[in-house]
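Commentary on secondary and tertiary structure
Below are the chains, spelled out letter by letter.
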Amino acid sequence: MTNTIAAASKAGSGTAALQARGLMKRFGALQATNDVSLDLVPGEIHGLIGPNGAGKSTLIHLLSGTLSPDSGQLLLGGRDVTSLSGHERVAAGLARSFQITNIFKNYTVLDNLVLALQACSGSSFRFWRARQAETELYEQARALAAECAIDASLLHTQAGVLPHGEQRKVEFALALASRPQVLLLDEPMAGMGPDETLRLTELIETMRGKATMLLVEHDMEAVFRLADRISVLVAGHIIATGTAAEIRDNEAVRQAYLGDDDTPVPTKVESHA
Ligand SMILES: Nc1ncnc2c1ncn2[C@@H]1O[C@H](COP(=O)(O)OP(=O)(O)OP(=O)(O)O)[C@@H](O)[C@H]1O
Ligand SMILES: [Mg+2]
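Residues numbered from 1 in each chain as written. Chains lettered and ligands numbered in written order. Predicted model: local features only at pLDDT ≥ 70, side-chain atom pairs only at ≥ 80, totals over all residues.

1. Looking at the packing of helix α4 (residues 109–120) against helix α5 (residues 130–147)
- At their nearest, the axes of α4 and α5 sit 9 Å apart, and the two run at 110° to each other. Between α4 and α5, the interaxial angle falls into the category roughly perpendicular. By crossing handedness, the relation of α4 to α5 is classed as right-handed. Only Leu 137, Tyr 138, Gln 140, Ala 141, Leu 144 and Ala 145 of α5 make contact with α4, whose side of the interface consists of Val 109, Leu 110, Leu 113, Val 114, Leu 117 and Gln 118.
- Class assignment for the residues of the contact of α4 with α5 results in ten nonpolar, two polar and no charged. (Axes fitted to C-alpha atoms, helices over the stretch in contact; angles between N-to-C directions. Helix = DSSP H or I, 4+ residues; strand = E, 2+ residues; numbered from the N terminus. Parallel < 35°, antiparallel > 145°, perpendicular 65-115°, else oblique. Left-handed = near helix turned anticlockwise from the far one by under 90°. Contact = placed C-beta atoms within 7 Å. Nonpolar A, V, L, I, M, F, W, Y, C, P; charged D, E, K, R; others polar.)

Written as C-alpha cells, this is what we have:
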C-alpha cells in the first residue's frame, strides 16, 4: 500500500472515491446484499472476495446502477448518485468492465475503441470540423490501445476473433475510454490461462493510481498481489476489510472459506510494494 493511501485510509480523511452506505438488496426470500457499507480510498485497488453466491456481482450491479438497492446510499466523490442511472453514473465518473457485450465483435479493435471514445467525448468534438475530430479520435484510440498493451498489429482485426486474453484487454480499454475515477472489475481473470492472467494482472498494475478500482476476483493470487485493501463478502455482508496480510490472518475469513477448495486464502502473499 502506498503511504498516501495508507494515511488516507487510517485517518479516514479526505473524500472517498466511492462510498456505499447500508446497501440492501433482496431477491424474493434471499437477502443478496445485507447492509453493505464500503469506502474506496482514492487511487486504491480494493479487492472484493467471497465464496460463490456471496453477492459480489449483485453488489457490482448496485454500484454500477444496473440494479437499484432496496435501501442505502451511494456516493461518488462525495456526490450522492443513488438515484442516477447507469449511464448517468458513467458520466459522473464510474465505469464497469468485463461485460462481454461491450464489445462489437464484428468491428475492428480500433473501431471499437473509437466508438467508445466518441461515446464519452460528449460535446467536446461538436465544434470541430468532422475530419479533424476523426483524426483526433483515431489518435486517441491508438494511444489507448498502447496504454492497454494491445498490440498495434491487432488494431485492424475483428474484435470477435481475438484470443480471449486480448479481448479482455480490449474490454479493459473500453472501460478506460471514459477516464473513470472509479472502475469496477467483475472477475476480469475469469476463463483465462495462467499466462493471460499474469499479463492482465500486470496491466491492471500499470493502471494503479490512474483510477480507483474495485476488483472482484476468484484468482486469489491476483487479488492478493494487486489489492491495497481487501473486503470479504459472505452471505451478502462484508465480514472484514483490511490489508492482504490482515485478511489472510483473519480468523472469520478463514472460517468462511473452510470447505471452499476453489478459493483458498493464500498462505503466502507476494507484496507488490
Ligand atoms: N436477478 C436475480 N434474481 C434472483 N436471485 C439472484 C439474482 N441475481 C443473483 N441472485 C442470487 O443472489 C445471490 C448472490 O449472487 P451473486 O451473483 O451476486 O454472487 P457472486 O458472489 O457474484 O457469486 P460468484 O462468485 O459465483 O460470481 C445468489 O444466491 C444468486 O443466485
Ligand atoms: Mg459473480
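2. Focus: helix α7 (residues 194–206)
- For α7, which comprises 13 residues, the first-to-last C-alpha distance of 19 Å matches the rise-based estimate of 18 Å (1.5 Å per residue) to within 8%.
- Among the residues of α7, those classed as buried are Thr 197, Leu 200, Thr 201 and Ile 204. The buried residues of α7 occupy an angular sector of 105° when projected down its axis, which confines them to one face. Among the exposed residues of α7, those oriented more than 90 degrees off its buried face are Asp 195, Glu 202 and Thr 206.
- The secondary structure elements touched by the buried residues of α7 are α6 (164–176) and α8 (220–226). (Expected span 1.5 Å × (residues − 1). Buried ≥ 20, exposed ≤ 12 C-beta atoms within 10 Å, placed from the backbone. Arc of directions from axis to C-beta.)

3. Here's the deal with the sheet that holds strand β5 (residues 79–80)
- Taking strand neighbours across the sheet as the criterion, the four strands line up as β2-β1-β4-β5 in an open arrangement whose pairing is antiparallel. Because the sheet does not close on itself, it has two edges, and the strands there are β2 (30–40) and β5.
- Both strand β4 (residues 71–76) and β5 contribute to a ladder of two bridges, which runs antiparallel. Bridge pairing in β5 places Leu 75 opposite Asp 80.
- Together, β1 (18–27), β2 and β4 form the strand contacts of helix α2 (residues 56–64), whose direction differs from that of β2 by roughly 60°. (Pairing = 2+ DSSP bridges.)

4. A word on the site of ligand 1
- Taken together, Phe 27, Leu 30, Ala 32, Gly 50, Asn 52, Gly 53, Ala 54, Gly 55, Lys 56, Ser 57 and Thr 58 make up all the residues around ligand 1.
- Those elements that provide at least two residues to the shell around ligand 1 are β2 and α2.
- Considering every element that reaches the shell around ligand 1, the biggest residue donor is α2, with three residues.
- Residues of the shell around ligand 1, tallied by class, amount to four nonpolar, six polar and one charged. (Near = placed C-beta within 6 Å.)

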